[in-house]
Amino acid sequence: QAVLELGVGGLSLELGGSSGAGLPNVTSMLHISQMHLHANRLAQFGVHSAGIIRSRFSYLGATHALDAGIKLVDGFILQIQDSTLAHNKVAGLHIFENANAVEVTHNEISANEGIGVYVEGGAQISIARNTLEGNGGPWIFAWDVLGLDLQSNYFESNCESTGAGGEPVFVLTPLSAA
């Protein structure tokens, strides 16, 4: 249900050589770059990444998804940079469960119907030098996160559809009891 599905059950690459052996689930050291993943309100996600590690997404457009432009589930040491996540229904970016050591830098996360960045679990999440503007919900909604670093982000006119007056709001909730 994604324009690009990575990780378990996702992208499969063939290795060169005479054996024709394949990697059934490429899970590390990917660099996905210079693509526009337009879901056209037909797919849940522009990118759905499950359990990949040490990978980077750059210069992407992930737009018009029924859920999130990019959803990261599990995995670690992930970078999202210089990308546009816009016009998605639930969130521009959704960081979920055990997605750890994630860097989100220099992105335009705007005009999403819901939340700009939705962080639901994970650890060591850095969100820095992004533009988060005109999202229908808060520019960030984070809960159950261990180590959230927010630096030098520009945010304006979020929460317009909630009647909150377009204030640059964010919602952070404490870690749940173990």
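Treat the numbers as computed from the prediction; the structure is a model and nothing was measured. (Residues numbered from 1 in each chain as written. Predicted model: local features only at pLDDT ≥ 70, side-chain atom pairs only at ≥ 80, totals over all residues. Heavy atoms only, no water.)

## Comments concerning the packing of aromatic side chains
Think of a pair of aromatic rings as described by two things: how far the centres are apart, and how the planes are tilted against each other in angle. Here is the rule: In this scheme Phe, Tyr and Trp rings, the latter by its six-membered ring, pair at centre separations within 6.5 Å, and the angle between planes marks the pair as stacked below 30 degrees, edge-to-face above 60, and tilted otherwise. Numbering of helices and strands starts at the N terminus; helices are DSSP runs of H or I of at least 4 residues and strands are runs of E of at least 2. Buried, partly exposed and exposed residues are distinguished by accessible area as a fraction of the type maximum, computed with a 1.4 Å probe on protein chains only: under 20%, between the cut-offs, and over 50%, respectively. Criterion for a charge above a ring: Lys NZ or Arg CZ within 6 Å of the ring centre, and within 35 degrees of the ring normal.
Per the stated rule, a full pass over the model turns up two aromatic pairs. With a centroid separation of 4.7 Å and 10° between ring planes, the pair formed by Trp139 and Phe155 is classed as stacked. Taken together, the residues Trp139 in the loop between strand E15 (131-133) and strand E16 (140-143) and Phe155 in strand E18 (residues 154-156) connect sequence positions 16 residues apart. Residue Phe155 is classed as partly exposed on the basis of its relative accessible area, which comes to 29%. Over the aromatic face of Phe96 sits the side chain of Lys71, whose NZ or CZ is 4.6 Å from the ring centroid.

## What about the pattern of salt bridges?
Where side chains of opposite charge bring their charged atoms close, a pairing between them can arise. Convention followed: Salt bridge criterion: a side-chain nitrogen from Lys or Arg within 4 Å of a carboxyl oxygen from Asp or Glu.
Tallied over the full model, the rule gives two salt bridges. Across the salt bridge formed by Arg41 and Glu113, the nearest N and O atoms sit 2.6 Å from each other. Here Glu113 lies in the loop between strand E12 (108-110) and strand E13 (115-120) and Arg41 lies in the loop between strand E4 (31-38) and strand E5 (45-50), a separation of 72 residues in the sequence. On the accessibility criterion, Glu113 (40% relative accessible area) is partly exposed. For Lys89, the salt bridge is made with Glu113, and the minimal N-O distance between the two is 3.4 Å. Residue Lys89 is found in the loop between strand E9 (84-86) and strand E10 (91-96), and its partner Glu113 is found in the loop between E12 and E13; the two are separated by 24 residues along the sequence. A network of salt bridges, in which partner residues are shared, links Arg41, Lys89 and Glu113.

## Things to note about the pairing of E5
Quick note on the threshold: Note on pairing: two strands pair once DSSP finds at least 2 bridges between them.
Counting buried positions along E5 yields six of six residues, so the element is predominantly enclosed. The pairing of strand E1 (residues 2-7) with E5 spans five bridges and is classified as parallel. Within the sheet, the bridge partner assigned to Gly7 lies in E5 and is Ala50. Strand direction decides the pairing type here: E5 and strand E7 (residues 68-73), joined by five bridges, are parallel. By the bridge assignment for E7, Ala50 is matched with Val73.

Everything listed is a geometric property; what it means functionally is a separate question.
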